[in-house]
Structures are given as structure tokens and as C-alpha cells.
Amino acid sequence: MSDKNLPERIAICDDEKKSLEAIRDYTEKYFAQYGTEFVIDVFCAGREILERMTSVPYDICFLDIDMPDINGIDLAEKIKKKNEQTLIVFVSFREDYVFQSFRVHPFSFVRKSCFEKDIAQTIRDVVKLRASRQEQGQLCKITDEAGYEHVFRRDSICYIKAEEKYVDFVLTEGKKLVRCSMKSLEKELAPGGLIRCHKSYIVNIRKVYAVKHDHLILMDGTQIPIRRWMVTELKQNLCSILAQ
């Protein structure tokens, strides 16, 4: 699914023009109700989606099943091979295909006989899933050397400092010592804007006020040493955060 700052990329495929327009209109209507940004592409043939997916990673595909060029289930299988994270929603009169569709693990099956009710519920479920994934992305789970799990909100971490066999998590609400290695933390935390700037420090780039030639200044005035060769990279990261 899309990052929270990016719109949902949606593909709709149906060989019947009226159905295609109805799916597009209701999809626009319900996503707009939830305040979700989206971009919709429509296709009359399944192979057109496959061609477009070479350059566009769709988050959701609404597919008819009974189509002449390629049936929706086979199409879904090919889409999943290109991007296994894509959610598949079948929209069809052919309710007898429900069990056959299970082999591609669809997110939902919208019956055209109950179209408005089913598509409203499906989009509601998509929005809930998206919110859940965003919430999970804001949490980091660290397992210490004894096997205990510690859960932190990423935005609560100011910086982390190595303290002999422990690391000290300096949080907005206090501190917490955890027995684990900086190397394991570096790998776990880097995707979320927590960067190892020194052999003894990992810093949350969102808490940085300024980058100097040999240290960082955090919002609260704390100074953190940095590797000099990282100055340019850290400045670029800071500019990127400020631009969001």
C-alpha cells in the first residue's frame, strides 16, 4: 500500500463500459468520503494493466472476472507476481467464481448484484487496513539479548547512545536502557529516519535543529557528535524532512 504521503494508486479493469464507469464513480465517491487521496486508471483489457505495471505500482486493482482477453483470476495471478503487495478486489456477477478466486487471495469480492453495499464495505476495509499499516510503521520493536521485546514510538525517540553493553534510548518522555547492540539497531531503525551518525549514536533526524561540521544540534539544544564525512548526507536528510 502507498506511503501515507502518497495517493492510493488504483486500477480498474472491466470490459463493459457501464460497469467500468460505475466502479470508477463509486470508488471516487467513497475514497473521497474518507479523505483519502487517490489516482485512478481505468482499463478495458487485462493485458493493458500488465503493461502499465511495468512503470506504475498499483496499490489496489478492481478486476472483473469474466473478460475475453484474460480472465480476472489469471490476471490477478500475474499482477501478484509483479507486486505481491497489490490488493485484489474482484467485481463480478459470477458469484460461482468466489471459491476459485481464493487461489490468488483476493482482498474482497464485490458482487455486482449487491454492488453499492459491497463496494462501500470494501473501501471501508481498505481505509482501515491502510490506517493500521501506518500505525504499525510508526512503531519499532526491539528484542534485547534476553529475548524481551521493547516497543517504542519512532517519533518519541530523540537519540540513542551506546553505554558499554547497553544502549540508552533517550525519549521525549524519559530514558530507557536496553541490552542490545548498536549494529542491530542501526539496521532495524534506519528506514524510519533514525540514522547512525557516530559509532556511539543513532539520532532521529526529525529532532535535529542544525548540522554543524562535527556535531548535530537537537531541538532541545543537545549536541550529538557526527562522523564528518556524513555532514552532506545529514543535511540532505534534514532538508528532505523540512520539505515534507
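A brief structural summary. Since the model is a prediction, treat every value here as computed from it, not as a measurement.

### Some remarks on the sheet that holds strand 14 (residues 215–218)
Argument step 1. Spatially, three strands are ordered 13-14-15 in an open sheet, and the strand pairing comes out antiparallel. With one partner strand each, in any of the chains shown, strand 13 (208–211) and strand 15 (223–225) form the two edges of the open sheet. Sheet twist, expressed as the mean angle between neighbouring strand axes with direction ignored, is 30 degrees.
Argument step 2. The pairing of strand 14 with strand 15 spans three bridges and is antiparallel. When the bridges of strand 15 are listed, His215 appears paired with Pro225.

### Section: the pairing of strand 8 (residues 157–163)
Argument step 1. One ladder, built from six bridges, connects strand 8 with strand 9 (residues 166–171); its direction is antiparallel. Within strand 9, the position partnered with Ile160 by the bridge is Phe169.
Argument step 2. Alignment of strand 8 against strand 12 (residues 201–204), held across three bridges, turns out to be antiparallel. By the bridge assignment for strand 12, Lys161 is matched with Tyr201.

### Describing the pattern of salt bridges
Argument step 1. Under the defined criterion, the tally for this structure stands at 16 salt bridges.
Argument step 2. For the salt bridge of Lys29 with Glu116, the shortest nitrogen-to-oxygen distance reads 3.8 Å. Here the residue Lys29 occupies a position in helix 1 (residues 17–33), and Glu116 occupies one in helix 5 (residues 115–137), the gap between them amounting to 87 residues.
Argument step 3. For Lys29, a relative accessible area of 38% corresponds to the partly exposed category.
Argument step 4. Across the pair Asp96 and Arg94 runs a salt bridge, and its minimum N-O distance is 2.9 Å.
Argument step 5. Here Arg94 falls in the partly exposed class, since its relative accessible area comes to 30%.
Argument step 6. Salt bridges sharing common partners tie together Arg9, Asp41 and Arg52.

### So, the environment of Glu8
Argument step 1. Along the chain, Glu8 falls in strand 1 (residues 8–13).
Argument step 2. Expressed as a C-alpha distance, the spacing of Glu8 and Val39, which sit 31 residues apart in the sequence, is 6.1 Å.

### Some thoughts on the sheet that holds strand 11 (residues 194–198)
Whenever strands of a sheet pair, they do so through backbone hydrogen bonds, lying parallel or antiparallel.
Argument step 1. On the basis of which strands lie adjacent, the open sheet formed by five strands has the order 10-9-8-12-11 and antiparallel pairing. Only two strands of the sheet have a single partner each, and these edge strands are strand 10 (174–178) and strand 11. Each strand of the sheet is rotated relative to its neighbour by a mean of 20 degrees, with strand direction disregarded.
Argument step 2. Two strands pair when backbone bridges link them, and strand 9 and strand 10 are joined in this way by five bridges, in the antiparallel orientation. Within strand 10, the position partnered with Asp168 by the bridge is Leu177.

### Observations regarding unusual backbone geometry
Argument step 1. Even without a glycine there, the phi angle at His105 is positive, about 50 degrees.
Argument step 2. You can see His105 is positioned in the loop between helix 4 (98–101) and strand 5 (108–111).
Argument step 3. Look at His105 and you get exposed, because its relative accessible area is 64%.
Argument step 4. At Glu164, a residue that is not glycine, the phi angle is positive and equals roughly 55 degrees.
Argument step 5. Topologically, Glu164 is positioned in the loop between strand 8 and strand 9.
Argument step 6. Owing to a relative accessible area of 85%, Glu164 belongs among the exposed residues under this scheme.

### Focus: the nonpolar core
Argument step 1. Counting residues in each nonpolar core, the largest one holds 21 residues, and the members touching the most others are Ile49, Leu63, Leu75, Ile79 and Phe90.
Argument step 2. Elements that contribute at least two residues to this core include exactly strand 1, helix 2 (46–52), strand 3 (60–63), helix 3 (72–82) and strand 4 (87–92).
Argument step 3. Looking at which element gives the most residues to this core, the answer is helix 3, with four residues.
Argument step 4. Beyond its immediate stretch of four places on either side in the chain, Phe90 contacts Leu63, Ile65, Gly72, Ile73, Ala76, Ser101, Val104, Pro106, Ser108, Phe109 and Val110.
Argument step 5. Ranked by size, the runner-up nonpolar core spans 19 residues in total, among them Ile23, Phe62, Val89 and Val126.

Definitions and cut-offs
- Residues numbered from 1 in each chain as written.
- Predicted model: local features only at pLDDT ≥ 70, side-chain atom pairs only at ≥ 80, totals over all residues.
- Heavy atoms only, no water.
- Pairing = 2+ DSSP bridges.
- Helix = DSSP H or I, 4+ residues; strand = E, 2+ residues; numbered from the N terminus.
- Axes fitted to C-alpha atoms, helices over the stretch in contact; angles between N-to-C directions.
- Salt bridge = Lys/Arg side-chain N within 4 Å of Asp/Glu carboxyl O.
- Buried < 20%, exposed > 50% of the residue type's maximum accessible area, 1.4 Å probe, protein only.
- Core = buried A, V, L, I, M, F, W, Y, C linked by side-chain atoms within 4.5 Å.
- Contact = heavy atoms within 4.5 Å.

From the geometry alone we can't say anything about function, so treat these as descriptive.
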